[in-house]
Amino acid sequence: MGDLYVHDNGQKLDRDFCMGLATPFLAGLAVAAAALAGRYGIQAWQAFKARPPTARVRKFYEGGFQPTMTRREAALILGIRESAKPEQVKEAHRKVMVANHPDAGGSHYLASKINEAKDNLALDEL
């Protein structure tokens, strides 16, 4: 038989008896913790699904062309900064034009806007 524990009130308890009571208590505590964690997880998932969609960073400019092309619009078309150097303008123009050339299935209108953007930025640099 195991060691005896003496309670504050003077009652003697067997160590094995005390350990036998601790195991179901700890198991119940673990089940309660798992239930709370599961409840929290479900609530967090529902809150995540219910949140409004956030604006994502868009790689391309959304919107039509302005009647007179501005320096900002020209930079957006070519995908460069307004303060880009002439070499950067030329390289960006080449890349965008290769992707949108009319001979490769691109639009004549877009090609004209790409050329106008290059001219707009290149003229300002001279």
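Cut-offs used in this document
Residues numbered from 1 in each chain as written. Predicted model: local features only at pLDDT ≥ 70, side-chain atom pairs only at ≥ 80, totals over all residues. Heavy atoms only, no water. Helix = DSSP H or I, 4+ residues; strand = E, 2+ residues; numbered from the N terminus. Buried < 20%, exposed > 50% of the residue type's maximum accessible area, 1.4 Å probe, protein only. Contact = heavy atoms within 4.5 Å. Areas by Shrake-Rupley, 256 points an atom, 1.4 Å probe, with all protein chains shown as cover. Salt bridge = Lys/Arg side-chain N within 4 Å of Asp/Glu carboxyl O. Patch = residues over 30% accessible without salt bridge, like charges linked within 9 Å, V, L, I, M, F, W, Y side chains within 5 Å. Core = buried A, V, L, I, M, F, W, Y, C linked by side-chain atoms within 4.5 Å. Lys, Arg positive; Asp, Glu negative; His and termini not counted. Expected span 1.5 Å × (residues − 1). Arc of directions from axis to C-beta.

Once that is clear, we can look at the overall build of the chain. Looking only at helices and strands, one finds 4 helices and 2 strands in the chain. Reading the chain from its N terminus to its C terminus gives the helix and strand order β-β-α-α-α-α. When each of the 126 residues of the chain is scored for burial, the buried share is 15%. Residue pairs at least 24 apart in sequence account for 40% of intrachain contacts in the chain once pairs closer than 6 positions are excluded. Total accessible area computed for the chain in this model is approximately 10,300 Å², and 60% of it derives from carbon and sulfur atoms.

Turning to the environment of K90, a few remarks are in order. Mapped onto the elements of the fold, K90 is located in helix α3 (residues 86-100). With 32 residues separating them along the chain, K90 and A122 place their C-alpha atoms 8.3 Å apart.

Attention shifts here to the pattern of salt bridges. Scanning all chains against the criterion turns up 3 salt bridges. A salt bridge links E116 to K113; its shortest N-O distance comes to 3.5 Å. Separated by 3 residues within a single helix, E116 and K113 lie in helix α4 (residues 108-125), roughly one turn from each other. Across the pair D119 and K118 runs a salt bridge whose closest N-O atoms are separated by 3.8 Å.

This part covers a nonpolar patch on the surface. On the surface, F25, L26 and L29 cluster together into a nonpolar patch covering about 340 Å² of accessible area. Given a relative accessible area of 48%, L29 falls into the partly exposed group.

Another point: the nonpolar core. Nonpolar side chains in soluble globular proteins tend to end up buried together. Core analysis: the largest hydrophobic core is formed by 12 residues, namely M69, A74, L78, A84, V89, A92, V96, M97, A111, I114, A117 and L121. When contributions to this core are tallied by element, the ones reaching two or more residues are α2 (71-78), α3 and α4. For A111, the residues in contact, after removing those within four places along its chain, are M97, N100 and P102.

By secondary structure assignment, the location of E73 is in helix α2. For the buried E73, no salt bridge is present, and the opposite-charge side chain at shortest range is K113, 5.8 Å distant. When near neighbours in sequence (up to four residues on either side) are disregarded, E73 contacts G64, F65, Q66 and T68.

With that settled, consider α3. The end-to-end C-alpha separation of α3 is 21 Å, in line with the 21 Å expected for 15 residues at 1.5 Å each. Those residues of α3 that sit buried are V89, A92, H93, V96 and M97. Taken down its axis, α3 places every buried residue within 130° of arc, on the same side. Exposed residues lying more than 90 degrees from the buried face of α3 are E87, K90, K95, V98 and A99.

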